[in-house]
Amino acid sequence: MASTISFFSSSIFLSSPTQNPKFISSSIKPNSLKSQTINPRLKISAKIATLPVLSFDGDKVGETSINLKSAPPETARAVVHRGIITDQQNKRRGTASTLTRAEVRGGGRKPYPQKKTGRARRGSQRTPLRPGGGVVFGPRPRDWSIKINRKEKRLAISTALSSATVNAVVVEDFGEKFEKPNTKEFIGAMKRWGLDPKEKCMFLMTEVSDNVRLSSRNIRTLKVLTPRTLNLFDILNSDKLVLTQPSVDYLNKMYEPEYDTDDEEDYFEEEDGEEAVEEDEVEASDVAE
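Thresholds applied
- Residues numbered from 1 in each chain as written.
- Predicted model: local features only at pLDDT ≥ 70, side-chain atom pairs only at ≥ 80, totals over all residues.
- Heavy atoms only, no water.
- Buried < 20%, exposed > 50% of the residue type's maximum accessible area, 1.4 Å probe, protein only.
- Helix = DSSP H or I, 4+ residues; strand = E, 2+ residues; numbered from the N terminus.
- Pairing = 2+ DSSP bridges.
- Core = buried A, V, L, I, M, F, W, Y, C linked by side-chain atoms within 4.5 Å.
- Contact = heavy atoms within 4.5 Å.
- Phe/Tyr/Trp six-rings, centres within 6.5 Å; stacked < 30°, edge-to-face > 60°.
- Lys NZ or Arg CZ within 6 Å of the ring centre and 35° of its normal.
- Patch = residues over 30% accessible without salt bridge, like charges linked within 9 Å, V, L, I, M, F, W, Y side chains within 5 Å.
- Areas by Shrake-Rupley, 256 points an atom, 1.4 Å probe, with all protein chains shown as cover.
- Salt bridge = Lys/Arg side-chain N within 4 Å of Asp/Glu carboxyl O.
- Lys, Arg positive; Asp, Glu negative; His and termini not counted.
- Charge placed at Lys NZ, Arg CZ, Asp CG, Glu CD.
- Axes fitted to C-alpha atoms, helices over the stretch in contact; angles between N-to-C directions.
- Parallel < 35°, antiparallel > 145°, perpendicular 65-115°, else oblique.
- Left-handed = near helix turned anticlockwise from the far one by under 90°.
- Nonpolar A, V, L, I, M, F, W, Y, C, P; charged D, E, K, R; others polar.
- Expected span 1.5 Å × (residues − 1).
- Arc of directions from axis to C-beta.

A. Structural view of the pairing of strand β7 (residues 240–244). In terms of residue burial, β7 counts as a mostly covered element, since four of its five residues are buried. Pairing between strand β4 (residues 168–171) and β7: four bridges, direction parallel. In the sheet register, A168 faces β7, and the bridge partner there is L241. Two strands pair when backbone bridges link them, and strand β5 (residues 201–204) and β7 are joined in this way by four bridges, in the parallel orientation. Each residue of the ladder has a partner; that of C201, found in β7, is K240.

Below you can see the structure in the form of structure tokens.
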């Protein structure tokens, strides 16, 4: 079943900047000495959104801001469209294959004489006109992958996140609230946060505990992602976006207007290093026992 992506109706893709008064637009000029010669349609802007922070019980406990760079409204659709098409097409394996009449088995003998039968002439039983014959212009193995620049891909994700902040909710880290897997309790927490379990929701968390993962996996409309699994399709395909405070800090760090792409690699390397240290500690404790 095909999924519906309705990101064109979001405020980031509207031409009028007054559609959402919560956003403060600030243009980032790459070269201040030549600011008069820059085309205003090509400027990358930063969208600052202020969101309330909710507790596990649904009470407002504070506010936080998200500062993400986004493509200009005139090119936002093209950037996001190229990013999502690249992701979907790069997932294609390209292994579909068919046999032509030269490759299909059989058909070496002429089925009947050329003349004196009253039938149409035929030289092989494996002609594409007969069942079991070869396939004309069928699919062949091919590479469907498309190259996209890293900065362009990052701009597409940050632009989609900027548009999703209109329907975003920030909650406190609730990983320790679940002492055991309980889907009913998780649905109750979603309702306290103003979320409808029947709507598509995407949770972005820096760390997902086993109890949270087990409590949410039976909800078909729910996606729980981490910074490593964050992707453009799930952002666009969700109706609500739920963030935790650590994930907000991660987004502000990784998708801010002035960001070095090497920081992302360092972040994942530190994450892998911490996981390796934890595994070594567990192995050491097992050996000691």
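Now that the structure has been shown, the text picks up again.
B. Representation of the nonpolar core. Grouped together as the largest cluster of nonpolar side chains are 31 residues, with contacts concentrated most on L161, L230, L232, I235, L243, L251 and Y255. The greatest single-element share of this core, amounting to six residues, is contributed by helix α2 (residues 150–164). Those residues in contact with L230 that sit more than four places away from it in its chain are I157, L161, M202, L204, L225, I235, L251 and Y255. One finds F56, V169, C201 and M205 within the second-largest nonpolar core, a separate group that totals 18 residues.

C. Main features of the packing of aromatic side chains. If you walk through the whole model with that rule in mind, you get nine aromatic pairs. With a centroid separation of 6.2 Å and an interplanar angle of 80°, the aromatic rings of F56 and W193 are classed as edge-to-face. Taken together, the residues span a long stretch of sequence, with F56 in the loop between β2 (44–54) and β3 (60–70) and W193 in the loop between α3 (183–192) and β5 at a distance of 137 residues. In this structure, F56 and W193 share a single accessibility class: buried. Ring geometry for F174 versus F203: centroids 6.2 Å apart, planes at 80°, classification edge-to-face. Here F174 is found in the loop between β4 and α3, whereas its partner F203 is found in strand β5, with 29 residues between them in sequence. Each of the two residues, F174 as well as F203, counts as buried. These aromatic residues form a ring-pair network of at least three members: F56, F174, F178, F186, W193 and F203. Positioned over the ring face of W144 is R92, at 3.7 Å from the centre of the ring. Over the aromatic face of W144 sits the side chain of R142, whose NZ or CZ is 3.7 Å from the ring centroid.

D. Inspection of a negative patch on the surface at higher detail. On the surface, E172, D173, E176 and E207 cluster together to form a negatively charged patch. Judged by relative accessible area, which is 78%, E176 ranks as exposed.

E. Focus on the packing of helix α1 (residues 73–90) against α2. At their nearest, the axes of α1 and α2 sit 9 Å apart, and the two run at 110° to each other. Judged by the angle between their axes, α1 and α2 are roughly perpendicular. Considering only the axes of α1 and α2, their crossing is left-handed. Every residue of α2 that contacts α1 at A76, V79, V80, R82, G83 and D87 is listed here: E152, K153, L155, A156 and T159. A class-by-class count of the residues in the contact of α1 with α2 yields five nonpolar, two polar and four charged.

F. Structural view of the environment of P52. In this fold, P52 is placed in strand β2. Expressed as a C-alpha distance, the spacing of P52 and T64, which sit twelve residues apart in the sequence, is 6.3 Å. Not counting residues within four places of it along the chain, the set of residues in contact with P52 comprises K60, G62, E63 and V170.

G. Inspection of α1 at higher detail. Helix length check: α1, at 18 residues, gives a terminal C-alpha distance of 26 Å against a target of 26 Å (1.5 Å per residue), a fit within 8%. Buried within α1 are the following residues: A76, V79, V80, G83, I84, T86 and D87. The buried residues of α1 occupy one face: seen down the axis, they fall within an arc of 155°. If you follow the buried residues of α1, they end up packed against α2 and α5 (232–237).

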